[in-house]
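Fold and geometry: a report
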Amino acid sequence: MTIRTRRRALTLAASGAALALTLTACADTGDGGDGGGGGEGEAGSFEIDCAAFEEFGDIDGTTVTVYTTIVEPEAETQVKSYEPFEECTGVTVEYEASREMEAQLPVRVQAGNPPDIAILPQPGLLNTLVTQYDALVPAPESVEANVDEGWHESWKGYGTVDGTFYAAPLGSNVKSFVWYSPSMFEEAGYEIPETWDDLLALSQQIVDDTGGEIKPWCAGVESGDATGWPGTDWIEDVVLRTAGPDVYDQWVNHEIPFNDPQIVEAFDAAGEILKNPDFVNGGLGEVNSIATTPWTDAGFPILDGNCYLHRAANFYQTQWPEGTNVAEDGDVFAFYLPAQTTDEKPTLVAGEFIGAFNDRPEVQAFQTYLSSSDWANAKAVATPNGGWVSANYDLDPENLATDFDKASAEILGDPATVARFDGSDLMPSEVGAGTFWAGITEWFASDLSSQEVTDQIEGSWPS
Amino acid sequence: MDWFIYAGDDPGHKLMIMLIAMALFVLVMGLILFIVDRPANAPKWLVTAGFVGPALLMLTVGLLYPGLDTIRKSLFNRNGTEFLGLDNYVRAFTEPQFLLVLGTTALWVLVAPAAATFLGLVYAVVVDKSRFEKFAKALVFLPMAISMVGASIIWKFVYEYKPNTGAVEQTGLLNQVLVWLGGEPIQFLLQRPLNNFLLMVVLIWIQTGFAMTLLSASIRAIPDDIVEAARLDGLSGLGMFWRITIPSIRPALVVVLTTIAMTTLKSFDIVRTMTAGRYGTSIVANEFYEQSFRQNNAGFGAALAVLLFVIVIPIIIYNVRQMRLAEEVR
Amino acid sequence: MSTVAGAAGAARDKSEAVDALVSTPPEPKRTPSGINERARKAKARLSNPWASAIALIIALLWTIPTFGLLVTSVRPELDIRRSGWWTVFGDAFAGEGVFSMRNYEAALFGSSTNLISFFLNSFVITLPAVVIPITLALLAAYGFAWIDFKGRDILFVAVFALQIVPIQITLIPLLSLFVAADVNGSFWTIWLSHSAFALPLAIFLLHNFMKDIPASLVEAARVDGAGHVKIFFQVMMPLLTPAIAAFGIFQFLWVWNDLLVALVMGGPDTFPLTVRVAEMAGSRGGDWHVLSAGAFISMVIPLIVFLGLQRYFVRGLLAGSVKG
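Keep in mind that this is a model prediction, so the values were computed, not measured.

Conventions we followed
Residues numbered from 1 in each chain as written. Chains lettered and ligands numbered in written order. Predicted model: local features only at pLDDT ≥ 70, side-chain atom pairs only at ≥ 80, totals over all residues. Helix = DSSP H or I, 4+ residues; strand = E, 2+ residues; numbered from the N terminus. Rg over C-alpha atoms; globule rule 2.2 N^0.38 Å. Buried ≥ 20, exposed ≤ 12 C-beta atoms within 10 Å, placed from the backbone. Contact = placed C-beta atoms within 7 Å. Nonpolar A, V, L, I, M, F, W, Y, C, P; charged D, E, K, R; others polar. pLDDT = per-residue confidence, 0-100. Pairing = 2+ DSSP bridges. Core = buried A, V, L, I, M, F, W, Y, C linked by C-beta atoms within 7 Å. Axes fitted to C-alpha atoms, helices over the stretch in contact; angles between N-to-C directions. Parallel < 35°, antiparallel > 145°, perpendicular 65-115°, else oblique. Left-handed = near helix turned anticlockwise from the far one by under 90°. Right-handed = clockwise from strand over helix to strand, strands pointing away. Domains from an automatic or database assignment.

Another aspect to go through is the overall build of chain B. Helix and strand content of chain B: 15 helices and 0 strands. Since a compact globule built from 330 residues should have a radius of gyration of about 20 Å, the 25 Å found for chain B marks it as more spread out than a globular shape. Taken along its principal axes, the extent of the C-alpha atoms in chain B is 80 × 70 × 50 Å. In chain B, which comprises 330 residues, the proportion classed as buried is 50%. Within chain B, counting contacts between residues at least 6 apart in sequence, those at least 24 apart form 62% of the total.

The subject of this paragraph is the interface of chain C and chain B. Taken together, the contact pairs 100 residues of chain C with 101 residues of chain B. A per-element tally of the side of chain C that touches chain B places helix H7 (residues 115-146) of chain C first, with 15 residues. Of the residues belonging to the side of chain C that touches chain B, the class tally is 64 nonpolar, 26 polar and 10 charged.

Taken as a whole, chain B shows an average pLDDT of 88; of its residues, 98% reach a score of 70 or greater. In the predicted complex, the global pTM is 0.86; the interface-specific ipTM is 0.87.

Residue and element names in this part refer to chain A. Among the 7 residues that make up strand E6 (residues 168-174), 7 are buried, leaving the element largely enclosed by the rest of the structure. Strand direction decides the pairing type here: E6 and strand E10 (residues 345-356), joined by 5 bridges, are antiparallel. Following the sheet pairing, proline 169 is matched in E10 by phenylalanine 353.

As a further point, take the nonpolar core. By size, the foremost hydrophobic cluster in this structure holds 327 residues, and its most contacted members are Ala55(B), Ala137(C), Ile203(C) and Leu206(C). Leave out the neighbours within four places in its chain, and Ile203(C) touches Ala55(B), Ala137(C), Ala140(C), Ala141(C), Phe144(C) and Val159(C).

Note on helix geometry: an α-helix contains 3.6 residues per turn, so any two residues three or four positions apart are oriented the same way. Burial of helix H14 (residues 361-370) of chain A is extensive: 9 of the 10 residues sit out of reach of the surface. Within the span of H14(A), buried status applies to Glu362(A), Val363(A), Gln364(A), Ala365(A), Phe366(A), Gln367(A), Thr368(A), Tyr369(A) and Leu370(A).

Residue and element names in this part refer to chain B. Viewed as axis vectors pointing N to C, helix H10 (residues 224-232) and helix H11 (residues 237-248) meet at an angle of 160 degrees, and their least axial separation amounts to 11 Å. The angle between H10 and H11 falls in the class roughly antiparallel. In the packing of H10 onto H11, the handedness of the crossing is right-handed. Only Met240, Arg243, Ile244 and Ser248 of H11 make contact with H10, whose side of the interface consists of Ile226, Val227 and Ala230. Along the lines of polarity and charge, the residues of the contact of H10 with H11 split into 5 nonpolar, 1 polar and 1 charged.

On the side of chain A, 28 residues touch chain C, which itself brings 22 residues to the contact. Put simply, the parts of the chain that give the side of chain C that touches chain A at least two residues each are helix H4 (77-82), helix H9 (167-180), helix H13 (260-265) and helix H14 (273-279) of chain C. If one sorts the elements of the side of chain C that touches chain A by residue count, H9(C) sits on top with 5 residues. Class assignment for the residues of the side of chain C that touches chain A results in 9 nonpolar, 9 polar and 4 charged.

Residues and elements named next belong to chain A. When you tally the buried positions in strand E1 (residues 63-68), you get 5 out of 6 residues, the bulk of the element. The handedness of the E1 to strand E2 (residues 92-97) crossover, carried by helix H2 (residues 74-89), is right-handed. Both E1 and strand E3 (residues 117-120) contribute to a ladder of 2 bridges, which runs parallel. The residue bridging valine 66 from the neighbouring strand is isoleucine 117, located in E3.

Time to look at the confidence of the model for chain A. Per-chain confidence: chain A averages 87 in pLDDT, with 90% of residues scoring 70 or above. Low pLDDT (under 50) marks residues 1-40 of chain A, which in the prediction has 45 contacts with non-local residues, meaning those over four places away or in another chain.

This part takes up the domain arrangement of chain A. Residue and element names in this part refer to chain A. Segmentation of chain A into domains returns domain 1 (2-31 + 48-174 + 349-417) and domain 2 (177-336 + 427-459). Taking only C-alpha atoms, the centre of domain 1 and the centre of domain 2 are 30 Å apart. The interface of domain 1 with domain 2 comprises 12 residues on the first partner and 15 residues on the second. Looking at which element gives the most residues to the side of domain 1 that touches domain 2, the answer is helix H16 (residues 403-413), with 4 residues. Considering only residue class, the side of domain 1 that touches domain 2 consists of 4 nonpolar, 7 polar and 1 charged.

Bringing the environment of Trp151(A) into the picture now. Residue and element names in this part refer to chain A. Relative to the elements of secondary structure, tryptophan 151 occurs in the loop between helix H5 (141-150) and helix H6 (153-158). Residues tryptophan 151 and serine 373, spaced 222 residues apart in sequence, show a C-alpha to C-alpha distance of 9.5 Å. Setting aside its immediate chain neighbours within four residues, tryptophan 151 contacts Lys156, Pro169, Ala391 and Asn392.

Another point: the sheet that holds strand E7 (residues 177-180) of chain A. Residues and elements named next belong to chain A. The strand order across the open sheet built from 3 strands is E8-E7-E9, with neighbouring strands paired in antiparallel fashion. Of all the strands in the sheet, the pair left with one neighbour each is strand E8 (310-311) and strand E9 (333-336). As paired strands, E7 and E8 are joined by 2 bridges and run antiparallel to one another. Bridging from a neighbouring strand, tryptophan 179 pairs with histidine 310 of E8.

Bringing the packing of helix H6 (residues 133-141) of chain B against helix H9 (residues 194-220) of chain B into the picture now. Residue and element names in this part refer to chain B. In contact at an axis separation of 8 Å, H6 and H9 are set at 140 degrees when each is read in the N-to-C sense. Across from Lys137, Val140 and Phe141 in H6, the residues of H9 making contact are Thr208, Gly209, Met212 and Thr213. Tallied by class, residues from the contact of H6 with H9 come to 3 nonpolar, 3 polar and 1 charged.

Counting buried residues in helix H7 (residues 148-158) of chain B gives 11 out of 11 residues, a clear majority hidden from the surface. If you check which residues of H7(B) are buried, you get Met148(B), Val149(B), Gly150(B), Ala151(B), Ser152(B), Ile153(B), Ile154(B), Trp155(B), Lys156(B), Phe157(B) and Val158(B).

The structure is reproduced here in structure tokens:
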């Protein structure tokens, strides 16, 4: 509790300070800081205090290369958010994005051709780069200071390998959301469930009310060569709720086996929804259609009224087809996936991290910028259509474009929230990006029991 | 010097560098051939080196050295720091599902090249010299112009499943046809072992154009007097096809089969894109990619690549024997 | 065109001259009859209803999936997921069909970089990456087919076997070399990589065509005092034009459709169209409907090339049909 209180106080103080700096340092450059407008498709710009980069000396005219998985159209907002830094320092940021980045980065590293900075989509890759290729340079003090100031210590922990802090977090995702249609709920008179039991009761009520015509839940885990990850998120969310965050940590760190009874229980609890032919798969087919339905399309039956509930992360916001109104009184919105009681708010989160392969001053200056709250705010302002949040304390919610992003930020900042990082990203890649994905897909596709699946995954855990 | 290497984003500069590269290449090759040709009685090794040397040099650097390096890597651990001997191979063969992967791979090599070649041949024969030949050939060739990933996306679409309830329409053509015929839609990609064949269809769909092009040209080269003589002997239709066409283009058939078999063994894009190797559809190439580039296990990945090479040995032996036979005929 | 045909004709004359000289020709002598006459005789073939049916079925099966994609690419995103593409025809008939060029707009103008520059890069990459390996492979194939040297068969089998080396395993060693030579990220690395990867298959295929050329032709030239270089250019090249065109098309398609080499060896200044198309689905893969439009945009050039070069190899892989 003490940590949380301090965090809030710090947040207020820091944002106040940032605001003051913005006003004094950049008062002459017009209306930068005030938002840029939500939903208009017009990216605003954000003013920062250039003094932060003085310690890096004269770096004008140098170039920093960045390699990421963030491609168009999201790339545009990334590049836009680098502009304040480029203006301050005269450094050119060369941005390269590829969906194949996770496979290509180790190739470049081994060939002696790494970028200056890579935005790593998950800590597992960070871990591989450090332990296997010894390729990253530790984060400079300025970055560490930024992270200590702006982020909960758990986030610093995800960027740390064997006690050395390498990578500051960049953005954050909140995964514990259930998407629904506010208008359908209103029509049927349904309330947003507050507890896990409420959620199950609501599911049953939908079945009863529609005479079994409509399956309340829709889900899909197909995602190309990463098929299965949305399923692992589901399980992780349920483990957090049925077994609790402590067991979750033990499970992820393999202090208890993968097939521990508490985990099997969580699989079964998830199965009460996901393997229940009465509850799934609304508008998409039988239980096994979860395995083959693209995760990107899995929520769409809500729009057709064929499904009421779809659990997906905050970034599903940008997946809805063009013209869908994402709002509390719109076509779709999301509520927090409830826990056993209303007192606890275990939340599954994930995020990207900033790895540096070089310690040239301009690279460190850019790292410092990316790890600062200035960047978080600049990025928020540069993302007029929303779909982006950060767990940085000093991110001003007013800069976020949509109500939903603000709701996500609220959950991240809620003192009751107990955030846990996506476990499959933290497990060894053989499991986290291998057998866990494959196992959960088989769990949907065949009649394998929870025990059998967890046994198989445990058997694949590297010794 | 940099000017010759990097063009930046200037279009004119890019084209200049391209022209310079081509001119340079022509110049070097011309010089080599000039040297080889000049002395009235150039030593044979020099002539041989002039013809074969440049290609062998590139192959050695570009493929042979990496290939040998892979064999070495397959004896080491995931980042090459620890010698493991044959452990990676042992793991490959003791991994519980790996025998299934090997079996599926064998199925692919046996079915896909044969089917693509057969269909390409049949099509080449039936459209040969018809009025629509050009158009008809372009249609079957079309899939060649699509990347494997693109083709996989197209076919994923064809196999798509939607439940057969009143409110939902089918979006996959195959299931729509089933529904029109009064059947129930099927989760095609989950049906083992049918799903393996459905994935092969994608490769066959792509490679048939390749087979058709080469075989059709080969059929064209069958001398008329042979065809004429056979006709006088009363052969026509299928008889002509089996007794004249097939034997006449046998060497081309072997070449086409071999080439497609090699492609089949190497391609993993289709499996990755369509099922990610789940539901019993994984093949060795997919496992190789998964280990090398997803799990970053260079050693195990390399062992799987070497396994690919072992699988191809029978094909090589068969080709060598065919070459010997052809040599004798000549 | 005319020079090629003329050269082929000259070669044919030579062949007949040689056949007349040698009392027992190595092959049964085959007189190339008039192509027109042949075509006339064969025209009856498609009149067989079974053959027509087979041709029609295959052509339909091969076209429908692509056609479906084409229709899909001009439908609005939500329609794509709600109903099958074939329903547009019924809808259009009823006056309700909805077509939209949204996907093409997104594909063409959705990026901050001009699509033209990706096209240009594809072109700059493809042309040398087709010409260089084919030239090298032609020379090597000739060496393997017509120069008798020690260890020839072993070497040839080795080259042939190299076909199975997956490109993926060569990436790290090659890229390391390029980094050491300080040329990484330029077009040169891409050209060199593609050239090396294409060689085994190119040599294998072209070798097979070369060997089909009657030995009598080569002998005749040799008797005339021609060396290997001269035989290569004056006897082989004219006869192989269709085979070169055919292989050229395949190599063109492979390079044009390549994503991997371009991604690993190149940089943002050299990225071809495929890199752009692969990114159209968005960071999380949700915008894949745009891919349908992207796929068609990138197919345009290969199709034009295929149709343009088709006439070269409908005549048979060896010009003038010198041998079966």
